[in-house]
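Coordinate analysis (summary)
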Amino acid sequence: MASHIVFVGEEEAFADMVVFRESNKLFADAPAIWYITPNKAFADHILYVTDQRHLADFTVHFTDVRAIATCRD
């Protein structure tokens, strides 16, 4: 049921997407600004997190700085 498989990496340099975790759904209004809901019924996307990088569709790195959240090609 997942729309994408992701790998959460520790290194920002190797991530396809640098994500800022927003605490308010109303402010999660950009591609790399995510609000993670505890209720699957309210989710826009369902992601499966894997611990095997080679199985992932893309890699993400979570940042504490909203201004550097970005999607990379």
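Before reading further, recall that the structure is shown in the block above.
Criteria and thresholds
- Residues numbered from 1 in each chain as written.
- Predicted model: local features only at pLDDT ≥ 70, side-chain atom pairs only at ≥ 80, totals over all residues.
- Heavy atoms only, no water.
- Helix = DSSP H or I, 4+ residues; strand = E, 2+ residues; numbered from the N terminus.
- Buried < 20%, exposed > 50% of the residue type's maximum accessible area, 1.4 Å probe, protein only.
- Contact = heavy atoms within 4.5 Å.
- Pairing = 2+ DSSP bridges.
- Polar contact = N/O pair within 3.5 Å; in protein donor to acceptor, adjacent residues only side chain to side chain.
- Phe/Tyr/Trp six-rings, centres within 6.5 Å; stacked < 30°, edge-to-face > 60°.
- Salt bridge = Lys/Arg side-chain N within 4 Å of Asp/Glu carboxyl O.

**A closer look at the environment of Pro 31**
You can see Pro 31 is positioned in the loop between strand E2 (17-21) and strand E3 (33-34). On the basis of relative accessible area, Pro 31 is assigned to the exposed category, the value being 62%. Counting along the chain gives 13 residues from Pro 31 to Val 18, while the straight-line C-alpha distance between them is 10.0 Å. For Pro 31, the residues in contact, after removing those within four places along its chain, are Met 17 and Cys 71.

**Re the pairing of strand E1 (residues 4-8)**
In summary, the side chains of a regular strand alternate between the two faces of the sheet. Relative to strand E4 (residues 47-50), E1 runs parallel, the two being bridged by 4 bridges. Looking at the pairing, His 4 lines up with Leu 47 of E4. Two elements, E1 and strand E5 (residues 58-63), share 3 bridges in a ladder whose sense is parallel. Looking at E5, one finds that Val 8 is bridged to Val 60.

**Observations regarding the side chain of Glu 22**
Along the chain, the position of Glu 22 falls in the loop between E2 and E3. Polar side-chain contacts of Glu 22 include one of 3.3 Å to the backbone nitrogen of Asn 24. Here Arg 66 takes part through its side chain, which lies 2.7 Å from a polar atom of the side chain of Glu 22. If we skip the residues at most four places from it in the chain, Glu 22 touches Phe 27, Ala 28, Ile 33, Trp 34, Tyr 35 and Arg 66.

**Structural notes on the packing of aromatic side chains**
The final tally for this structure, using the stated rule, is 1 aromatic pair. On the numbers, 6.1 Å between centres and 80° between planes, the contact of Trp 34 with Phe 62 is edge-to-face. Note that Trp 34 is positioned in strand E3 and Phe 62 in strand E5, a separation of 28 residues in sequence. Residue classification places Trp 34 among the buried residues on the basis of a relative accessible area of 17%.

**Some remarks on the pattern of salt bridges**
Using the criterion set out here, one finds 3 salt bridges in the structure. In this structure, Glu 22 and Arg 66 form a salt bridge, with 2.7 Å as the shortest nitrogen-oxygen distance. A residue pair is termed long-range when its members are at least 10 positions apart, and Glu 22 in the loop between E2 and E3 and Arg 66 in the loop between E5 and strand E6 (70-71) qualify at 44 residues. On the basis of relative accessible area, Glu 22 is assigned to the buried category, the value being 12%. Across the pair Asp 29 and Arg 66 runs a salt bridge whose closest N-O atoms are separated by 3.2 Å. Here Asp 29 is found in the loop between E2 and E3, whereas its partner Arg 66 is found in the loop between E5 and E6, with 37 residues between them in sequence. On the basis of relative accessibility, which here comes to 59%, the residue Asp 29 falls in the exposed class. Several salt bridges converge on common partners, so that one network encompasses Glu 22, Asp 29 and Arg 66.

Function cannot be inferred from these measures alone, as they are strictly geometric.
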